Amino acid sequence: MPSAALALLLLADPGWLELRWPEVVGCPTAAEVAAAAERLAAVGSRRPVVAEAVITVDDTGYSLALAVQTADGVEERRVHNARCEPLADATAVIVAVAAEPAGSGTSRPARDEEIPPGLRRTPPPEVGVRPAVGAFVAAVGAVGPPRSPAPGLQAGLLVLWPRARLELRFHHTFAAPLRLAEMPAAGAELQLSAAAVRGCPRWSRRAWSLHLCGGLEVGALTARGFGFPSNARTTGLWAAAVAGPGAQWRPLRWLALGADVEAVVAFTRRGYAAADERALLYRVPPVGLRFGASVAVFFF
């Protein structure tokens with residue numbers, strides 16, 4: 001998202017500081033940043049300072065865009081860190097230095113070596129970034145193996161890296177009826193239960209990301225008759241390849257909303273016929289389609 005701010009606080013000290021600092025989950029508050037700047041600022045006369053911060057959150061951590069205005073003009077700084085606390089420390093240092101009186105011999109823009117350790121002007125490399133791990137649930141609509149659209153559910157574990165995504169999931173499609181043309185009250189119900197693993201390349205920008213996933217699904221396809229004098233139930237192996245694109249919006253580090261479209265290529269194409277009927281009632285098509293919406297919660 002453009003900014004991780006939930007609300008923007010305005011903290012004013014009539015003597016020297018006006019600080020605009022966003023409330024962001026996992027970050028110090030505006031009052032804490034202002035108190036740190038007060039402790040660091042030189043004792044005595046201080047120049048008026050207006051500082052405005054914008055904080056954005058992505059998979060690699062927190063990014064700070066800071067504009068500091070004094071009588072000398074406006075200085076802008078951009079820094080990034082895996083944690084938010086060092087960004088708050090950097091803000092306090094920069095604001096305190098900016099408040100030093102002109103002509104004191106020390107008033108100057110804060111140099112990189114004055115920023116707390118771990119900060120850089122450019123984002124750190126993504127290598128070694130700890131992945132985000134969470135759980136997800138999804139509401140799914142499926143066509144194939146059911147002949148007509150049928151509802152389903154998915155649940156599983158999700159691991160996100162800056163450039164990759166891994167899913168371990170369970171899928172269930174609820175019973176969908178197959179009816180005999182000459183006996184609409186009779187037929188069979190199909191339902192699918194399967195486990196799948198999917199891997200995906202991933203492209204992200206701020207809170208948004210796109211992925212293109214592929215994987216393998218194995219489970220059981222169950223057919224149960226209805227409307228006959230004797231209704232049989234059979235269960236057979238289900239195996240399929242799954243692949244498709246998706247998108248995810250992660251407004252908070254612990255929460256994400258997603259949408260996916262998935263093609264299902266069946267390896268086990270079973271056929272179904274009613275008792276004493278030569279004609280097939282139904283055969284699983286070679287390719288099916290699923291579409292769904294998900295909610296994910298991340299533990300870390």
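Residues numbered from 1 in each chain as written. Predicted model: local features only at pLDDT ≥ 70, side-chain atom pairs only at ≥ 80, totals over all residues. Heavy atoms only, no water.

Peer 1: What is the right way to read the pattern of salt bridges from this model?
Peer 2: For the structure shown, the criterion picks out 16 salt bridges. In this structure, E189 and R224 form a salt bridge, with 3.1 Å as the shortest nitrogen-oxygen distance. Taken as a pair, E189 in strand β9 (residues 187-205) and R224 in strand β10 (residues 208-226) lie far apart in primary sequence, 35 residues in all. A salt bridge links E217 to R290; its shortest N-O distance comes to 2.8 Å. Separated by 73 residues along the polypeptide, E217 in strand β10 and R290 in strand β15 (residues 287-298) bring together distant segments of the chain. Exposure remark for R290: the relative accessible area of 2% places this residue in the buried category. (Salt bridge = Lys/Arg side-chain N within 4 Å of Asp/Glu carboxyl O. Helix = DSSP H or I, 4+ residues; strand = E, 2+ residues; numbered from the N terminus. Buried < 20%, exposed > 50% of the residue type's maximum accessible area, 1.4 Å probe, protein only.)

Peer 1: Would you mind going over the sheet that holds strand β12 (residues 255-266) with me for this structure?
Peer 2: In any sheet, the strands associate via hydrogen bonds between backbone groups, in a parallel or an antiparallel arrangement. A barrel is described by the order of its strands in space; here eight strands give the closed sequence β6-β7-β8-β9-β10-β11-β12-β15, paired in antiparallel fashion. Across the sheet, the axes of successive neighbouring strands diverge by a mean angle of 25 degrees, strand direction being ignored. The sheet contact formed by strand β6 (residues 132-143) and β15 spans ten bridges and is antiparallel. Looking across to β15, one finds that A139 is bridged to A293. (Pairing = 2+ DSSP bridges. Axes fitted to C-alpha atoms, helices over the stretch in contact; angles between N-to-C directions.)

Peer 1: Mind showing me how you'd approach the pairing of β12 here?
Peer 2: Residues in a regular strand project their side chains so that they alternate between the two faces of the sheet. Direction of pairing for strand β11 (residues 233-252) relative to β12: antiparallel, over a ladder of nine bridges. Bridge pairing links A240 to A266 in β12. In this structure, the hairpin formed by β11 and β12 is closed by a connection of two residues. As judged from the eleven bridges shared by β12 and β15, these two strands associate in the antiparallel manner. Paired with A263 across the two strands is L289, which belongs to β15.

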